[in-house]
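Letter by letter, the chains look like this.
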Amino acid sequence: MKWFQAYNFFDSFRPVYLATKLFHVHFETLDFKRQTVGRTLIDQFRFILSLLLDISFLFRSFTANLPYLYLTESVLLNVGNYLSLMLLATLTYTLSLWNHCKSKEIFQLCASINDCDRKLEKLGIPVDHRRHHFASTLSTGVWMCFSVIITLNAVSVRRNKVFDPDRTDDFEAIIVVAIFRISTNFSLFVCYTSLTLFSINGRLAKLQAFLATTALPTSGSSKRICQTIRRIAAVHDQLSDTIRMFNDCYSVHTMYGVIASSSFSVFVVFGLIHAYASNVSEVTMQIAWRNMLYDLFYVLMLAKMLLSTSLVSRNCKRMAHAIHKAICYRSYDKQIFNELGRFSQQLEHNAPKISCGLFDFDWTLLYSIAGSFATYLVILLQFDLVNLNFVRE
């Protein structure tokens, strides 16, 4: 298929690059032939224009979401929904500024993965860049469809007179653009971070499979086997550095997204339960269900992110398991054992994780989020139950 021709990592990541540049999430110009990045005058103009628009959208979000403060009789629910939405808006509107400041590090991250591919090919480990290009195209299209659906859902809520009684018949176009900007930024953020993680995970999986099946024969030249082990260790070390680059580029916004999405989920579920418990109007009930649909969008993104990070952590552990099995259960020359021992020490002292510094992004984080979600939801329901009983009396 000529539409999916790709010869290196930069080519395979081209659909994501074009989408992020089209929607003003990234601003730098990438030269695919020379594999260099630079900023043109047009790039600088696009960045300034996007920065001014994002600032105006952010201030407009503070006023456009004010009806959430009066939507129900529960102050806890109203304030919680409003603050959660403001957290999400602040996250998405600062993404382009963050990417502009971290453009050099982001390019180094992609260049490191591309360099790992060259080293893997020298080891005889093929990397299917056409498959990655197809996955990038498909993922970008799917996440953009999600952003359109969520934009339509959010706009339908705000067009309701019950949500904003002071709204005029002419719905402001700037609100539609601002909502689409939020959905698009967050969708593309999850898209390119997840694809980067899957790329790192794929290289780790190929390296681990090669080490477990081909790289350590029980017979053969000790010198050649030791040389192969050193080359594998060098690739693994570079992949470890790539994981640290990923943490430097994306972990802060990933942490911010996890916190904002989790808090928004608590108040959305709380709002739905409150709507059934207080016998609100049918229109308010519809708004509660539409907020639930809006929240599912962020829950899906959170699950996708945790899945990607967990796969990377799992393959890092599998590499150590393969080395230790070879040391314990196979028969080699002393020279090979020494080389495996040095590689084992490298894995012990150089075992990076996808982390923001406060916590690691893995399945244990999901358990912590689930426990916190249940705890805070029960606390909010107890306060709300007392408030409802007081109002009825």
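Each chain carries its own residue numbering, running from 1 in the written order of its sequence. Residue-level local features of this predicted model are given only where pLDDT is at least 70; pairs of side-chain atoms are given and counted only at 80 or more, and the full residue set underlies all totals for whole chains, interfaces and linings. The side-chain values count all of the structure's non-hydrogen atoms but skip hydrogen atoms and water molecules.

Undergrad: I'd love a proper account of the overall build of the protein chain, names of residues and values included.
TA: For the protein chain, the count of helices and strands is twelve helices and two strands. Under the scheme used here, helices are H or I runs from DSSP no shorter than 4 residues and strands are E runs no shorter than 2 residues, and both carry numbers assigned from the N terminus. Each helix and strand of the protein chain, ordered N terminal to C terminal, gives the series α-α-β-β-α-α-α-α-α-α-α-α-α-α. Note on contacts: a residue pair is in contact if any heavy atoms of the two residues lie within 4.5 Å. For the protein chain, long-range pairs separated by at least 24 residues make up 81% of all intrachain contacts whose partners lie at least 6 apart in sequence. Roughly 19200 Å² of accessible area belongs to the protein chain as shown, and the carbon and sulfur atoms make up 64% of that amount. The Shrake-Rupley method, run with a 1.4 Å probe, gives the accessible areas here. Residue values count only the displayed protein chains as cover.

Undergrad: Residues and numbers for the packing of aromatic side chains, please.
TA: When we look at a pair of aromatic rings, we describe it by the centre distance and by the angle of the planes. Aromatic contacts are taken between Phe, Tyr and Trp rings whose centres are within 6.5 Å, Trp giving its six-membered ring; a plane angle under 30 degrees counts as stacked, one over 60 as edge-to-face, and the others as tilted. Scanning the model with the defined rule gives twelve aromatic pairs in all. For the ring pair Trp 143 and Phe 146, a centre distance of 5.6 Å and an interplane angle of 45° mean the geometry is tilted. Here the residue Trp 143 and the residue Phe 146 both occupy positions in helix 7 (residues 129-158), the gap between them amounting to three residues, near one helical turn. On the basis of relative accessibility, which here comes to 5%, the residue Trp 143 falls in the buried class. Relative accessibility under 20% of the residue-type maximum defines a buried residue, over 50% an exposed one, and the middle range a partly exposed one, all with a 1.4 Å probe and only protein chains included. For Phe 146, a relative accessible area of 30% gives the class partly exposed. Members of the aromatic cluster, each reached through a chain of ring pairs, are Phe 186, Phe 189, Tyr 192, Phe 246 and Tyr 250.

Undergrad: Could you give me a rundown of the nonpolar core, with the residues and numbers involved?
TA: Generally speaking, a soluble globular protein has its nonpolar side chains buried in company with each other. Formed by 106 residues in total, the largest nonpolar core has its most connected members in Tyr 192, Leu 207, Tyr 250, Tyr 294, Tyr 298 and Phe 343. The leading source of residues in this core is helix 9 (residues 222-277), at 22 residues. Setting aside anything within four residues of it in sequence, one finds Tyr 298 in contact with Leu 88, Ile 182, Phe 186 and Ser 261. We define a nonpolar core as any set of buried Ala, Val, Leu, Ile, Met, Phe, Trp, Tyr and Cys residues linked to one another through side-chain atoms lying within 4.5 Å.

Undergrad: Account for the confidence of the model for the protein chain, naming residues and giving values.
TA: Across the protein chain, the average pLDDT comes to 82, with 90% of residues at 70 or higher. pLDDT expresses, on a scale from 0 to 100, how confident the predictor is about each individual residue. Highest mean pLDDT in the protein chain belongs to helix 2 (residues 14-22) (91); lowest belongs to helix 12 (residues 363-392) (77).

Undergrad: Outline the packing of helix 6 (residues 103-122) against helix 8 (residues 173-213), supporting the account with residue identities and numerical values.
TA: Helix axes use the C-alpha atoms of the stretch in contact, all axes being lines fitted to C-alpha atoms, and the angles between their N-to-C directions lie in the range 0 to 180 degrees. Two numbers describe how helix 6 lies on helix 8: the axes approach to 11 Å, and their chain directions differ by 25°. In terms of orientation, helix 6 lies roughly parallel with respect to helix 8. Note on packing geometry: the crossing formed by helix 6 with helix 8 is left-handed. From helix 6, Leu 109, Ile 113, Asp 117 and Leu 120 reach across to helix 8, where they touch Thr 196, Ile 200, Arg 203 and Leu 207. For this scheme, ten residues count as nonpolar: Ala, Val, Leu, Ile, Met, Phe, Trp, Tyr, Cys and Pro. Four count as charged, namely Asp, Glu, Lys and Arg, and the remainder, Gly too, count as polar. Along the lines of polarity and charge, the residues of the contact of helix 6 with helix 8 split into five nonpolar, one polar and two charged. To sort the angles, those under 35 degrees are grouped as roughly parallel, those over 145 as roughly antiparallel, those from 65 to 115 as roughly perpendicular, and the leftovers as oblique. Two helices cross in a left-handed way if the nearer one is turned anticlockwise from the farther one by less than a right angle. They cross in a right-handed way if the turn is clockwise.

Undergrad: Account for helix 6, with residues named and values stated.
TA: Given a helix with a known number of residues, its expected span is that number minus one, times 1.5 Å. Taking 1.5 Å of rise per residue, the 20 residues of helix 6 would be expected to cover 28 Å, and the 29 Å separating its terminal C-alpha atoms lies within 8% of that figure. Those residues of helix 6 not exposed but buried are Ser 103, Ile 106, Phe 107, Leu 109, Cys 110, Ser 112, Ile 113, Asn 114, Cys 116, Asp 117 and Leu 120. Remark: Gly 124 follows helix 6 within two positions and exhibits a positive phi of approximately 90°.

Undergrad: Break down the pattern of salt bridges for me, with residues and values.
TA: Should a side-chain nitrogen of Lys or Arg be within 4 Å of a carboxyl oxygen of Asp or Glu, the pair is scored as a salt bridge. For the structure on display, the rule yields 13 salt bridges. Residue Arg 244 pairs with Asp 241 through a salt bridge whose shortest N-O separation is 3.0 Å. Here Arg 244 pairs with Asp 241, and both are found in helix 9, just three residues apart, close to one helical turn. Note that Lys 353 and Asp 360 form a salt bridge whose closest N and O atoms lie 3.9 Å from each other.

Undergrad: Now, about the state of the cysteines: what can you tell me, with residues and values included?
TA: Any cysteine sulfur atom paired with another within 2.5 Å is treated as part of a disulfide. According to the stated counting rule, one finds zero disulfides in the structure shown. Here Cys 110 stays unpaired: no disulfide links it, and the sulfur of Cys 249, its closest cysteine neighbor, is 8.4 Å away. By relative accessible area, which is 14% here, Cys 110 ends up buried.

Undergrad: So what about the side chain of Asn 65? Which residues, and what values?
TA: One can find Asn 65 in the loop between helix 3 (41-64) and helix 4 (75-93). On the basis of relative accessibility, which here comes to 7%, the residue Asn 65 falls in the buried class. For this analysis, a polar contact is any N or O atom pair within 3.5 Å, provided that within protein one partner can donate a hydrogen and the other can accept it, and provided that sequence-adjacent residues contribute only side-chain to side-chain pairs. Reaching out from Asn 65, the side chain makes a polar contact with the backbone oxygen of Ser 61 at a distance of 3.0 Å.

Undergrad: Talk me through a nonpolar patch on the surface; I want residue IDs and the actual numbers.
TA: Taken together, Phe 198, Leu 307, Trp 363, Leu 366 and Tyr 367 make up a surface patch of nonpolar side chains, about 470 Å² in accessible area. Element by element, the count of residues in the nonpolar patch is highest for helix 12, at three residues. Here Leu 366 lies in helix 12. Patch construction takes residues with relative accessible area above 30% that form no salt bridge. Like charges are linked within 9 Å, and nonpolar side chains (Val, Leu, Ile, Met, Phe, Trp, Tyr) are linked within 5 Å.

Undergrad: Tell me about empty space enclosed by the protein, residues and numbers included.
TA: Lining residues are those with an atom within 4 Å of a point, where the points come from a 1 Å grid over the protein atoms alone and group into cavities, where a 1.4 Å probe fits but cannot get out, or pockets, open sets with protein on both sides within 12 Å along at least five of seven lines. Grid points are joined across faces, edges and corners, and a volume is the space filled by probe spheres set on the points. This model, assessed by the stated rule, comprises five cavities of 30 Å³ or more. Lining the largest cavity are 19 residues, with Tyr 17, His 26, Leu 30, Ile 106 and Cys 110 sitting closest to its centre. Counting residues per element, the ones that place at least two in the lining of the largest cavity are helix 1 (9-12), helix 2, helix 6 and helix 8. The element that contributes the greatest number of residues to the lining of the largest cavity is helix 6, accounting for five residues. Each residue belonging to the lining of the largest cavity can be placed in one class, and the counts come to 14 nonpolar, four polar and one charged.

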